[in-house]
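Spelled out from the first residue to the last, the chains are:
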Amino acid sequence: LSPAYSFTDYRSQGQTISNALIDIATPPTAGLTPFNVYVALSRARGHDGVRLLRDFDGNLLTTHT
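Values in this document were obtained by computation on a predicted structure and should not be read as measured data.

Comments concerning the overall build of the protein
When its secondary structure is counted, the protein shows two helices and two strands. Reading the protein from its N terminus to its C terminus gives the helix and strand order α-β-α-β. Taking the principal axes of its C-alpha atoms as reference, the protein extends roughly 35 × 25 × 20 Å. Taken across its 65 residues, the protein has 22% of its residues classed as buried. For the protein, long-range pairs separated by at least 24 residues make up 74% of all intrachain contacts whose partners lie at least 6 apart in sequence. The distance from the centre of the 5 positive side-chain charges to the centre of the 5 negative ones in the protein is 11 Å.

What follows is the structure in structure tokens.
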């Protein structure tokens, strides 16, 4: 058992996190944009500190909105 906490991509803006477990899934109430993905992935200090919880649709990163 490990203590942990979570917050939204909006709340995480401007913060740097040593290790991040990220769930890039479409939320039930709104769409997911490339901006949301960028904010979530860019919070960690480096790529070694990022873990994705599940696979996601790669087209999300190549589709212009």
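The structure having been displayed, the exposition proceeds.
Remarks on the layout of surface pockets
Computed from the structure, the largest pocket encloses a volume of approximately 750 Å³. Lining the largest pocket we find 22 residues, and of these F7, T8, L21, I22 and D23 sit closest to its centre. Contributions of two or more residues to the lining of the largest pocket are made by α1 (9–12), β1 (20–22) and α2 (34–41).

Considerations on α2
Within an α-helix, residues lying three or four positions from one another point in the same direction, as the helix has 3.6 residues per turn. Every buried residue of α2 is listed here: N36, V37, V39 and A40. Axial view of α2: buried residues confined to an arc of 165°, hence all on one face.

Digging into the nonpolar core
The biggest cluster of nonpolar side chains holds eight residues, and these are A20, I22, I24, V37, A40, A44, V50 and L60. Breaking this core down by element, the ones donating at least two residues are β1 and α2.

Describing the environment of P3
Mapped onto the secondary structure, P3 falls in the segment before α1. Of the residues examined, P3 reaches a relative accessible area of 83% and is grouped as exposed. Each C-alpha atom of the pair P3 and G58 lies 31 Å from the other, and the pair is 55 residues apart in sequence.

Concerning the environment of Q13
One can find Q13 in the loop between α1 and β1. Separated by 26 residues in the primary sequence, Q13 and V39 have C-alpha atoms spaced 6.7 Å apart.

Quick look at the confidence of the model for the protein
Looking at the protein as a whole, its pLDDT mean stands at 78, while 92% of the residues score no less than 70. The secondary structure element of the protein with the lowest average pLDDT is α1, at 70, and the one with the highest is strand β2 (residues 50–52), at 89.

Rules and cut-offs
- Residues numbered from 1 in each chain as written.
- Predicted model: local features only at pLDDT ≥ 70, side-chain atom pairs only at ≥ 80, totals over all residues.
- Heavy atoms only, no water.
- Helix = DSSP H or I, 4+ residues; strand = E, 2+ residues; numbered from the N terminus.
- Buried < 20%, exposed > 50% of the residue type's maximum accessible area, 1.4 Å probe, protein only.
- Contact = heavy atoms within 4.5 Å.
- Lys, Arg positive; Asp, Glu negative; His and termini not counted.
- Charge placed at Lys NZ, Arg CZ, Asp CG, Glu CD.
- 1 Å grid on protein atoms, 1.4 Å probe; cavity = no way out; pocket = protein on both sides within 12 Å on 5 of 7 lines; lining within 4 Å.
- Points joined across faces, edges and corners; volume = space filled by probe spheres on them.
- Arc of directions from axis to C-beta.
- Core = buried A, V, L, I, M, F, W, Y, C linked by side-chain atoms within 4.5 Å.
- pLDDT = per-residue confidence, 0-100.

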